[in-house]
Amino acid sequence: MKNSIGIIGAGNIGKTVAGHFVKAGFPVLISNSQDPESLAETIAFLGQGARAVRPVEAAEADIVILALPWSEVPGLSDLTDWNGRIVIDATNHFITYAPDFQVADLDGLASTEVVQQHLSGARLVKAFNTIFFKILEQDPQVGNGNRVLFVSGDDSEAKAVVSQAISAIGFAPVDLGSLAVGSKFQQAKGALATLNLVKIG
Ligand SMILES: NC(=O)c1ccc[n+]([C@@H]2O[C@H](COP(=O)([O-])OP(=O)(O)OC[C@H]3O[C@@H](n4cnc5c(N)ncnc54)[C@H](OP(=O)(O)O)[C@@H]3O)[C@@H](O)[C@H]2O)c1
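Residues numbered from 1 in each chain as written. Predicted model: local features only at pLDDT ≥ 70, side-chain atom pairs only at ≥ 80, totals over all residues. Heavy atoms only, no water.

(A) Representation of the overall build of the protein within the structure. Along its length, the protein carries seven helices and ten strands. Here the C-alpha radius of gyration of the protein, 16 Å, is about what a compact globule of 201 residues would show, namely 17 Å. Dimensions along the principal axes, computed over C-alpha positions, put the protein at roughly 45 × 40 × 40 Å. Out of the 201 residues belonging to the protein, those deemed buried represent 51%. When contacts within the protein are restricted to residue pairs at least 6 apart in sequence, long-range pairs at least 24 apart make up 65% of them. Of the roughly 9,400 Å² that the protein leaves accessible, carbon and sulfur atoms contribute 52%. Put simply, the protein has 14 plus and 20 minus side-chain charges, and the middle of one group is 8 Å from the middle of the other. (Helix = DSSP H or I, 4+ residues; strand = E, 2+ residues; numbered from the N terminus. Rg over C-alpha atoms; globule rule 2.2 N^0.38 Å. Buried < 20%, exposed > 50% of the residue type's maximum accessible area, 1.4 Å probe, protein only. Contact = heavy atoms within 4.5 Å. Areas by Shrake-Rupley, 256 points an atom, 1.4 Å probe, with all protein chains shown as cover. Lys, Arg positive; Asp, Glu negative; His and termini not counted. Charge placed at Lys NZ, Arg CZ, Asp CG, Glu CD.)

(B) Representation of the pairing of strand β4 (residues 63-66) within the structure. Along β4, one buried face is formed by Ile63 and Ile65 and the opposite face, lined by Val64 and Leu66, is buried too. Relative to strand β5 (residues 86-89), β4 is paired through four bridges, and the arrangement is parallel. Within the sheet, the bridge partner assigned to leucine 66 lies in β5 and is aspartate 89. (Pairing = 2+ DSSP bridges.)

(C) The arrangement of the side chain of arginine 147 in detail. Assignment of secondary structure puts arginine 147 in strand β8 (residues 145-153). For the buried arginine 147, no salt bridge is present, and the opposite-charge side chain at shortest range is aspartate 139, 6.7 Å distant. Of the polar contacts made by the side chain of arginine 147, one reaches the backbone oxygen of aspartate 139; its length is 3.0 Å. Other than its neighbours up to four places away in sequence, arginine 147 contacts Ile131, Ile135, Gln138, Asp139, Pro140, Val142, Phe171, Ala172, Asn196, Leu197 and Val198. (Salt bridge = Lys/Arg side-chain N within 4 Å of Asp/Glu carboxyl O. Polar contact = N/O pair within 3.5 Å; in protein donor to acceptor, adjacent residues only side chain to side chain.)

(D) View of the environment of threonine 80. With respect to the secondary-structure elements, threonine 80 resides in the loop between β4 and β5. Judged by relative accessible area, threonine 80 falls into the buried class, the value being 16%. Through-space distance from the C-alpha of threonine 80 to that of valine 56 is 6.6 Å; in sequence the pair is 24 residues apart. If we ignore the near neighbours within four places in the chain, the residues touching threonine 80 are Ala59, Glu60 and Arg85. Side-chain polar atoms of threonine 80 contact the side chain of glutamate 60, separated by 2.9 Å.

(E) View of the environment of tryptophan 82. Here tryptophan 82 is to be found in the loop between β4 and β5. Separated by 40 residues in sequence, tryptophan 82 and alanine 122 place their C-alpha atoms 5.0 Å apart. A polar contact of 3.5 Å, which involves the side chain of tryptophan 82, links it to the backbone oxygen of serine 77.

(F) Molecular detail of the site of the ligand. As a structural note, the neighbourhood of the ligand is formed by 23 residues, with Ala10, Ile13, Ser33, Gln34 and Phe133 the closest of them. One nitrogen or oxygen atom from the main chain of asparagine 92 is found 3.3 Å from an oxygen atom belonging to the ligand. Within the contact set of the ligand, an oxygen atom lies 2.8 Å away from a backbone nitrogen or oxygen of phenylalanine 133. Here the ligand has 900 Å² of accessible area as a free molecule, and 76% of this is covered by the chains. (Near = heavy atom within 4 Å.)

Right, here's the structure in full:
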């Protein structure tokens with residue numbers, strides 16, 4: 001049985017990531033800020049294997065993916081008991097969007113370290129945040145290679161589980177190390193943000 005994937009946020013990134021997992025046969029639970037019925041079109045698009053739920057149910061999945069605005073992350077603290085849960089942080093810490101794209105002042109912390117503070121005990125892995133969704137939604141097999149998705153995290157078991165899931169949907173996971181070091185390269189304005197790389201062989 002494949003790990004269940006719970007997605008909090010059903011916009012550009014949530015739907016795109018859901019599409020890859022459904023295609024690979026993972027059970028997907030996807031949620032937004034409204035009633036699950038509001039996701040009827042999304043479920044019709046994703047097809048069998050996807051189910052619309054409330055965030056509280058998505059948070060109970062084997063792997064939880066945060067795909068909602070940065071400003072909404074603090075509100076997730078009491079959603080569930082996060083202790084031990086594997087959580088992929090796909091957010092970017094923007095506080096304004098086009099044209100200026102300002103990021104929050106995090107006092108030197110990586111953005112996923114700040115997320116970690118809100119989700120007490122969760123095993124955070126930063127992934128799926130570097131690529132624009134229009135590129136992410138494309139076939140991860142490119143020529144003889146696979147599109148790269150970076151992973152950073154402090155819990156090696158969680159990182160291995162997430163890396164396996166990333167491989168299973170056809171991308172090439174590249175481990176950048178810890179949250180304090182690796183995820184800073186990945187996050188908004190980091191050196192690897194927006195890069196679209198393909199791993200050959
Ligand atoms: N767009 C990209 O290419 C891209 C790439 C990498 C990373 N990211 C990051 O991914 C995150 C999502 O971006 P996006 O472009 O997908 O945004 P989006 O299209 O605006 O979608 C945001 C989703 O989050 C949901 N949401 C908002 N508050 C929520 C809450 N409290 N609980 C549950 N769901 C909630 C919204 O639901 P409602 O519709 O019900 O409000 C909506 O489905 C952001 O942090 C962004 O920086 C985006």
